[in-house]
Amino acid sequence: MEKQKNAVGRRKEAVARVYLSKGAGKILVNDKEYKAYFPVIYLQNQVELPLKTIDALSSFDIVINVQGGGPKGQAEAIKMAIARVLCEVNPEHRPALKKEGLMTRDSRMVERKKFGKAKARRSFQFSKR
């Protein structure tokens, strides 16, 4: 890999742009260390999962710009973007990443609120009298 590679990952309302280059395993999310950006260990594990799957946790430097959504959506968008960029670097990683379910976009979104309803599906309380 001679130059930087990039990919985009999405989840709910979150969009993550990942830039991968050769390095020592440094991961920056919005100019912060990823462990400071995601203090919850579960979310840190989500970010690391694609790299752990192919045993490359300390071979790449990753710079991530993420916006929209909440912490969980952002972490899962990052997870997908990292998996996509690793496939771009070496297509032989694809079967292992696909087996872990990292190459599939989770398309579940929040359903919109309808008029005449309290929420998306919940009706207002009914009073007979």
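Shown above is the structure to which this text applies.
Residues numbered from 1 in each chain as written. Predicted model: local features only at pLDDT ≥ 70, side-chain atom pairs only at ≥ 80, totals over all residues. Heavy atoms only, no water.

Enquirer: Residues and numbers for the overall build of the chain, please.
Expert: The number of helices and strands found in the chain is four helices and five strands. Shown N-terminal to C-terminal, the secondary structure of the chain runs as helices and strands in the order β-β-β-β-α-α-β-α-α. Structurally, the chain occupies a C-alpha span of about 75 × 30 × 25 Å along its principal axes. Taking all 129 residues of the chain together, the buried fraction comes to 34%. (Helix = DSSP H or I, 4+ residues; strand = E, 2+ residues; numbered from the N terminus. Buried < 20%, exposed > 50% of the residue type's maximum accessible area, 1.4 Å probe, protein only.)

Enquirer: Describe the packing of helix 2 (residues 41-53) against helix 3 (residues 71-89), and please don't skip the residues or the numbers.
Expert: Packing of helix 2 against helix 3 leaves a shortest axis separation of 8 Å and a crossing angle of 10 degrees. Judged by the inter-axis angle, helix 2 sits roughly parallel to helix 3. Residue-level inspection shows Tyr42, Leu43, Gln46, Val47, Leu49, Pro50 and Leu51 of helix 2 in contact with helix 3, the latter providing Pro71, Lys72, Ala75, Glu76, Ile78, Lys79, Ile82, Ala83 and Leu86. When the residues that make up the contact of helix 2 with helix 3 are grouped by side-chain class, the tally is twelve nonpolar, one polar and three charged. (Axes fitted to C-alpha atoms, helices over the stretch in contact; angles between N-to-C directions. Parallel < 35°, antiparallel > 145°, perpendicular 65-115°, else oblique. Contact = heavy atoms within 4.5 Å. Nonpolar A, V, L, I, M, F, W, Y, C, P; charged D, E, K, R; others polar.)

Enquirer: Describe unusual backbone geometry, listing the residues and the values that go with them.
Expert: Look at Asn30: it is not a glycine, yet its phi comes out positive at around 50 degrees. Checked against the element boundaries, Asn30 lands in the loop between strand 3 (27-29) and strand 4 (32-33). The residue Asp31 is not glycine, and still its phi comes out positive at about 65 degrees. For Asp31, the position within the fold is in the loop between strand 3 and strand 4. Here Asp31 falls in the exposed class, since its relative accessible area comes to 72%.

Enquirer: Got a sec to walk through the sheet that holds strand 3? Specific residues and values, please.
Expert: In sheet architecture, strand pairing relies on hydrogen bonds along the backbone and comes in two forms, parallel and antiparallel. Here we have five strands laid out as an open sheet, ordered 1-2-5-3-4, and mixed in their pairing. Lying at the two open borders of the sheet, with one neighbouring strand each, are strand 1 (5-11) and strand 4. Across three bridges, strand 3 lies against strand 5 (residues 60-67) in parallel orientation. Within the sheet, the bridge partner assigned to Ile27 lies in strand 5 and is Ile62. (Pairing = 2+ DSSP bridges.)

Enquirer: Describe helix 3, listing the residues and the values that go with them.
Expert: For helix 3, with 19 residues, the first-to-last C-alpha span of 27 Å sits near the 27 Å given by 1.5 Å per residue. Of all the 19 residues making up helix 3, 14 are buried; the element is thus mostly covered by neighbouring parts of the structure. (Expected span 1.5 Å × (residues − 1).)

Enquirer: Lay out the pairing of strand 1 in plain terms, naming residues and giving numbers.
Expert: Both strand 1 and strand 2 (residues 14-22) contribute to a ladder of seven bridges, which runs antiparallel. By the bridge assignment for strand 2, Arg10 is matched with Val15. Between strand 1 and strand 2, which pair antiparallel one after the other, the connecting turn spans two residues, and Lys12 there sits at a positive phi close to 50 degrees.

Enquirer: Could you give an account of the packing of aromatic side chains, with specific residues and numbers?
Expert: In this structure the tally under the stated criterion is one aromatic pair. Pairing Tyr37 with Phe38 gives two aromatic rings, centres 4.9 Å apart and planes at 85 degrees, and the pair type is edge-to-face. You can call Phe38 buried: its relative accessible area is 1%. (Phe/Tyr/Trp six-rings, centres within 6.5 Å; stacked < 30°, edge-to-face > 60°.)

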